[in-house]
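A closer look at the structure
Read off the chains here:
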Amino acid sequence: MKIIVLGGDGFCGWPTALHLSNQDHEIVIVDNLSRRKIDVELGVSSLTPIVPLPQRLAAWKEITGRDIRFVNLDVGKDYDRLLALLHQVKPDAIVHFAEQRAAPYSMKSSWHKRYTVDNNINATNCLLAAIVESGQDIHVVHLGTMGVYGYGTTGAPIPEGYLTVHVTTGEGKLEPREILHPTSPGSIYHMTKVMDQTLFAYYNKNDRLRVTDLHQGIVWGTNTSETKRDERLVNRFDYDGDYGTVLNRFLMQAAIGHPLTVHGTGGQTRAFIHIRDTARCVELAATNPPEKGERVRIFNQMTETHRVADLAQMISKMAGVPVSHLDNPRNEAVENELQVHNDCLLDLGLKPTKLESGLMDEVIDVAKRYADRCDRSKIPATSRWVQKPSA
Ligand code: NAD
Ligand code: USQ
């Protein structure tokens, strides 16, 4: 297949692009390198030394003989170039990773809120409008988030996107209807993913676009079999208070003997998936498109759920580092239960990579190898959801 990977220089996009290329798909990466510029803004770098994208691609060509083309454009702004690229490449599928993805970054200031909404919503809308204008039948595979559902405790497992409800008709009869699961985003970033869902539903209804929306949990791990093949292919590893996600942060903190930074009681339960499975799930989604006219497909892309405090305890025991309970900078439920249906990807053949000590050790080893690149002052999460009232 010909596949365009939007956001192919990022944490999930890079290993996915390599995995798809390795499966003999013809890959074009589109990225505006905004994530690397945000590192400069925040004064932090990936723990792993990632080389510039052209060097990454030259290394991949040298090692495998496979070509991956790179086009530097902003999906939400460079509309004419995006449309021209669709006419030129005529892709079968476009995988859409190209959004600002950190909840804390999206909450740093009113500028960051506006940037995140502007970037994410325009990227998705421009992509969908360009596909319609191109007149091509291109399957969109989008990376959404489990966070669209929110983390309230309803007691019921979260279905894959749609919920059956019963409405009382004018004649007083109770009729079943399927609706998009109600949303409850926990940050401006998560809210953009909720808005993406409405864009997909609209273009799917009006233009019969084929869309698969992958509601992904928190990704952990760093390497895949492809990124391990050469130092120049290494994946990025975010550990800072804005972009570092909880499990990778804890594993990195364990590697350098830093107390594990649990927000509040750690009663928050979240969904997780290993980076290898991200790449595999995207492949499964891209190679199993919905029929023309089928409603937006929504898959829950996660393999397990864990309570933050339990993860901290497990890693603390493994590595002998203390657990530190910090004031929670976020506005989120102190505790929640979480049960999730994820049968769609399992039925397509996903064999889940579960959390086990060998894989956690692998991440700790990577973090130890590059420990001298860590700036400890960037570990605290300083972005607050609600400003403290001034005294
Ligand atoms: P990332 O920030 O590492 O990568 C995103 C890439 O997209 C970057 O290379 C960035 O430069 C590029 N980009 C952003 N806006 C762009 C634009 N307007 N035009 C062109 N390129 C643009 O993020 P990631 O962790 O790889 O996440 C990728 C996607 O997966 C995101 O949409 C995110 O919401 C979703 N997701 C990530 C996680 C996770 O734990 N990392 C979990 C669930 C869902
Ligand atoms: N947390 C800690 N300590 C830390 C960091 C986080 O206790 O040092 C807590 C947070 O308060 C939160 C939970 O861990 O309760 C998860 O935080 P996170 O930063 O790991 O994940 P989140 O902000 O939800 O965002 C990440 C990705 C995002 C993706 C989302 C999937 O950055 O792109 O959409 O995971 S999900 O969480 O399922 O919505």
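Let me sum up the structure you'll find in this document. The model shown is predicted, which means the values in this text are computed figures rather than measured ones. (Residues numbered from 1 in each chain as written. Chains lettered and ligands numbered in written order. Predicted model: local features only at pLDDT ≥ 70, side-chain atom pairs only at ≥ 80, totals over all residues. Heavy atoms only, no water.)

In the vicinity of ligand 1 there are 28 residues, among which Cys12, Asp31, Arg101, Tyr189 and Lys193 approach most closely. Here a nitrogen atom of ligand 1 and a side-chain polar atom of glutamine 216 are 3.4 Å apart. When isolated, ligand 1 has an accessible area of 840 Å², and the protein chains bury 97% of it. Residue assignment for the shell around ligand 1 shows that the elements contributing at least two residues are helix 2 (34-42), strand 5 (139-145), helix 7 (188-207) and strand 9 (218-220). Residues belonging to the shell around ligand 1 are distributed by class as follows: 11 nonpolar, 9 polar and 8 charged. (Near = heavy atom within 4 Å. Polar contact = N/O pair within 3.5 Å; in protein donor to acceptor, adjacent residues only side chain to side chain. Areas by Shrake-Rupley, 256 points an atom, 1.4 Å probe, with all protein chains shown as cover. Helix = DSSP H or I, 4+ residues; strand = E, 2+ residues; numbered from the N terminus. Nonpolar A, V, L, I, M, F, W, Y, C, P; charged D, E, K, R; others polar.)

So, on to the nonpolar core. Ile4, Leu6, Val30, Val75, Ile94 and Ile131 are the most contacted members of the largest nonpolar core, which totals 41 residues. Mapped onto this core, the elements with two or more residues apiece are strand 1 (2-6), strand 2 (26-30), helix 4 (79-89), helix 6 (110-134) and helix 7. Considering every element that reaches this core, the biggest residue donor is helix 6, with 7 residues. Judged by nonpolar contacts, the second largest core, of 37 residues, contains Leu247, Leu251, Ile256 and Met360. (Core = buried A, V, L, I, M, F, W, Y, C linked by side-chain atoms within 4.5 Å. Buried < 20%, exposed > 50% of the residue type's maximum accessible area, 1.4 Å probe, protein only.)

Checked against the element boundaries, asparagine 328 lands in the loop between strand 14 (323-326) and helix 11 (343-347). Separated by 39 residues in the primary sequence, asparagine 328 and alanine 367 have C-alpha atoms spaced 25 Å apart. Beyond its immediate stretch of four places on either side in the chain, asparagine 328 contacts His263, Gly264, Gln268 and Arg384. At 2.9 Å, the side chain of asparagine 328 forms a polar contact with the backbone nitrogen of arginine 330. Polar side-chain contacts of asparagine 328 include one of 2.7 Å to the side chain of glutamate 332. (Contact = heavy atoms within 4.5 Å.)

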